[in-house]
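Listed below are the residues making up each chain.
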Amino acid sequence: MADVFIEDGVISEVGSDLQVAAGTRVIDATDRLVLPGGIDTHTHMELSFMGTTAVDDFHTGTKAAVAGGTTMIMDFVIPQKGCSLVEAYERWRITADPKVCCDYSLHMAVTWWDDTVKKEMETLVRDKGVNSFKMFMAYKDVFMLRDNELYAVFAQCKEIGAIAQVHAENGDLIAEGAKRMLSLGITGPEGHEMCRPEEVEAEATQRAITIAHAANCPLYVVHVMSKSAAKVVANARRNGRVVFGEPIAAGLGTDGTNYWHKDWTHAAGFVMGPPLRPDSSTPGYLMDLLANDDLSVTGTDNCTFSVCQKALGKDDFTKIPNGVNGVEDRMSVIWEKGVHSGKMDENRFVAVTSTNAAKIFNFYPRKGRIAKGSDADLVIWDPKATRVISAKTHHQAVDYNIFEGMLCHGLPVVTISRGKVVYENGQLFTKPGMGQYIPRKPFSEFVYKRINQREQVAKPCAVRREPYTGEIISIAPKR
Ligand code: URP
Ligand code: ZN
Ligand code: ZN
Ligand code: ZN
């Protein structure tokens, strides 16, 4: 038990019975927990995707985040094929900066490959504070890269000290599977899962790990959605690979049986890629692996489309915009399914909701810990309080919630973002633009210590031999 003293947005002291000047605001956290604010590693605020734009923008999305105890999001810049990465980055900053209500950082997607992209990756790392690049193995003809391109990007990531992230699904098999489902007359959301079953995710996960290992590049698998893919990540870690797996709130809190729901609106609301899995033991399994460090961090892939947008695919599941909510509910869902269930303790909760993200993406100890000198991003958590998640009461702009009706023990009562109370007892005190962009340096030690050492000691070397001096056959030139 300790007091936390905050000055100018930073924690200036942690200790027992701190003496502070008269007039200092005191917040009593007796019987509650004081935790580092949550870090959501994976969001897509106002993303234009599949013909429409996600309804939660950087304003509503980050307001919802702080209402749920999250004080930093990591969003993705996704340039179209052929477009400049740096320009896309600048545009995303101009979009986000005036709206964000909590701090944020940016990952960059690499959706095409040539020498200009290679150079731009370097610029982004050196000048723009980006140290993570996401590559898609799915979304054929839109964002997907082939294996040789993945190898080239991974090799460049390793060169510049960045972390390679993958959306791991076999895009060719999805395209074939989708055609097949439609030809069988399966047009509803269940077709979305059936055209890309678990092994389509597991195969791509293994392939990405193999390619990353060949390039000696650290790998981060975003949105691990299936038991099969999670096992691939866990196995690779056991074999010494530098790989991290990110399950998301949706995958930990609900499952793919919803795609078979009789109400189309309900079923379509869960469509995202990779899909949630119909094996209802999946969420518990992913949580077990998260608790045991087989999986490392949690995001949400928050990418929200309202019902009328989902309806673009009412007659064809391939046209349903992919994405679900989560940014507001992640902390509660993980507490409920992880801590309240007895699968993990409070310390592991902190590790998987903030600390590990800050370490992997290289902004620890600025964030992800409560200690002198760290940003005062805190959440006062009441483990005994309960709430029922509902679209009627959530702060997100989207008009439904995939966790509708879930009873959660444990909720944030106060959220503090860089020393400012931004949420207290159900009330928001945010202003658009009050969040800051958090730049990140390359070569995160947590990730790169092992990579660099291996580079030194595990260089392949040739066997020294006497030259062969014997006879050599000659091959007749082909006509
Ligand atoms: O369905 C999803 N995941 N939508 C957002 C884009 C992505 O692949 O992360
Ligand atoms: Zn993805
Ligand atoms: Zn419903
Ligand atoms: Zn995503």
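See the structure above.
Residues numbered from 1 in each chain as written. Chains lettered and ligands numbered in written order. Predicted model: local features only at pLDDT ≥ 70, side-chain atom pairs only at ≥ 80, totals over all residues. Heavy atoms only, no water.

This part takes up the overall build of the chain. Within the chain, the regular secondary structure consists of 15 helices and 16 strands. On the principal axes, the C-alpha backbone points of the chain span a range of 95 × 60 × 45 Å. Every one of the 479 residues in the chain was classed for burial, and the buried ones make up 58%. Total accessible area computed for the chain in this model is approximately 20,300 Å², and 51% of it derives from carbon and sulfur atoms. (Helix = DSSP H or I, 4+ residues; strand = E, 2+ residues; numbered from the N terminus. Buried < 20%, exposed > 50% of the residue type's maximum accessible area, 1.4 Å probe, protein only. Areas by Shrake-Rupley, 256 points an atom, 1.4 Å probe, with all protein chains shown as cover.)

Across its 13 residues, helix H15 (residues 445-457) extends 17 Å between first and last C-alpha, which sits within 8% of the 18 Å expected from 1.5 Å per residue. Regarding H15, the residues found buried are Val447, Tyr448 and Ile451. Buried residues in H15, looked at end-on, bunch into an arc of 70°, giving them a common side. Among the exposed residues of H15, those pointing more than 90 degrees away from its buried face are Glu445, Lys449, Gln456 and Val457. Buried residues belonging to H15 abut helix H4 (147-160), strand E10 (163-167), strand E12 (243-245) and helix H14 (346-360). (Expected span 1.5 Å × (residues − 1). Arc of directions from axis to C-beta. Contact = heavy atoms within 4.5 Å.)

A separate point is the coordination of the zinc ion (ligand 4). Taken together, the protein ligands of the zinc ion (ligand 4) are His42 (NE2), His44 (NE2) and Asp301 (OD), with distances of 1.9 to 2.1 Å. Classification of the site at the zinc ion (ligand 4) as irregular follows from its four donor atoms and the range of 87 to 143° in their angles at the metal. Between the donor residues of the zinc ion (ligand 4), the gaps in sequence give the motif H-x1-H-x256-D. Between the zinc ion (ligand 4) and the zinc ion (ligand 2), a spacing of 3.7 Å is present. (Donors = N, O, S within 2.8 Å, 3.2 Å for Na, K, Ca; no water. Tetrahedral: all angles 85-135°; square planar, octahedral: opposite > 155°, others 65-115°.)

In this section: the sheet that holds strand E8 (residues 103-109). Here we have seven strands laid out as an open sheet, ordered E4-E7-E8-E9-E10-E11-E12, and parallel in their pairing. Of all the strands in the sheet, just strand E4 (38-43) and E12 have a single pairing partner and so form its edges. Within this sheet the neighbouring strands show an average axis-to-axis angle of 25°, counted without direction. Pairing analysis gives six bridges linking strand E7 (residues 70-77) to E8, with the strands arranged parallel. Considered in E8, the bridge of Val77 is made with Met108. Lying on the sheet, H14 is in contact with E4, E10, strand E11 (219-221) and E12; it crosses E4 at an angle near 60°. (Pairing = 2+ DSSP bridges. Axes fitted to C-alpha atoms, helices over the stretch in contact; angles between N-to-C directions.)

Next up on the list: the site of ligand 1. In the vicinity of ligand 1 there are 14 residues, among which His44, Lys134, His167, Gly273 and Asp301 approach most closely. Taking Tyr139, its side chain carries an N or O atom lying 3.4 Å from an oxygen atom of ligand 1. In the environment of ligand 1, an oxygen atom lies 3.0 Å from a nitrogen or oxygen atom belonging to the side chain of His167. Relative to its unbound accessible surface of 260 Å², ligand 1 loses 99% to contact with the protein. Among the cavities detected, the one that contains ligand 1 is the largest cavity. (Near = heavy atom within 4 Å. Polar contact = N/O pair within 3.5 Å; in protein donor to acceptor, adjacent residues only side chain to side chain. 1 Å grid on protein atoms, 1.4 Å probe; cavity = no way out; pocket = protein on both sides within 12 Å on 5 of 7 lines; lining within 4 Å. Sits in = over half its atoms within 2 Å of the grid points.)

On to the sheet that holds strand E14 (residues 407-417), then. Taken together, five strands build an open sheet; the order of strands is E3-E13-E14-E15-E16 and the sheet is antiparallel. The strands lining the two open edges of the sheet, one partner per strand, are strand E3 (33-36) and strand E16 (427-428). Lying on the sheet, helix H13 (residues 330-340) is in contact with E3, strand E13 (378-388) and E14; it crosses E14 at an angle near 130°. Sheet strands touched by H14: E3 and E13. Its angle to E3, the strand with the most contacts, is close to 30°.

Phe133, Met135, Phe154 and Leu219 are the most contacted members of the largest nonpolar core, which totals 74 residues. Residue contacts for Phe133: discarding those within four places in its chain leaves Met108, Val110, Met121, Leu124, Val125, Cys157, Ile160, Ala162, Ile163, Ala164 and Gln165. Membership of the second largest hydrophobic core comes to 57 residues, among which are Ile186, Phe363, Val398 and Ile451. (Core = buried A, V, L, I, M, F, W, Y, C linked by side-chain atoms within 4.5 Å.)

This structure, assessed with the given rule, holds 29 salt bridges. The shortest N-O distance in the salt bridge between Arg277 and Glu201 comes to 2.9 Å. Here Arg277, found in the loop between helix H10 (264-268) and helix H11 (282-291), pairs with Glu201, found in helix H7 (residues 198-214); they are 76 residues apart in sequence, far enough to count as distant. With respect to burial, Arg277 and Glu201 carry one shared label: buried. Each of Asp103, Arg366, Lys367, Asp375, Asp377 and Arg418 takes part in a single network of salt bridges with overlapping partners. (Salt bridge = Lys/Arg side-chain N within 4 Å of Asp/Glu carboxyl O.)

Regions of empty space are outlined by a rolling probe, equal in size to a water molecule, passed over the atoms. Reported here for the largest pocket is a volume of approximately 1,200 Å³. Taken together, 37 residues make up the lining of the largest pocket; nearest its centre are Ala2, Asp3, Val4, Ile27 and Val34. Secondary-structure elements contributing two or more residues to the lining of the largest pocket are strand E1 (3-7), E3, H14 and E13. It is E1 that contributes the most residues to the lining of the largest pocket, five residues altogether. Of the residues belonging to the lining of the largest pocket, the class tally is 21 nonpolar, seven polar and nine charged. The volume enclosed by the second largest pocket comes to roughly 360 Å³. Taken together, 17 residues form the lining of the second largest pocket, with Met50, Tyr139, Ile174, Arg196 and Thr318 sitting closest to its centre. Looking at the lining of the second largest pocket element by element, the count peaks at four residues for helix H5 (residues 171-183). A class-by-class count of the residues in the lining of the second largest pocket yields ten nonpolar, four polar and three charged. (Points joined across faces, edges and corners; volume = space filled by probe spheres on them. Nonpolar A, V, L, I, M, F, W, Y, C, P; charged D, E, K, R; others polar.)

A few words on the packing of helix H3 (residues 115-127) against H4. Following both chains from N to C, one finds H3 and H4 inclined at 30°, their axes separated by 10 Å at the closest point. As for how H3 packs across H4, the hand of that crossing is right-handed. Contacts between H3 and H4 involve Lys118, Met121, Glu122 and Val125 on the former and, on the latter, Val153, Gln156, Cys157 and Ile160. Per-class residue counts for the contact of H3 with H4 are five nonpolar, one polar and two charged. (Left-handed = near helix turned anticlockwise from the far one by under 90°.)

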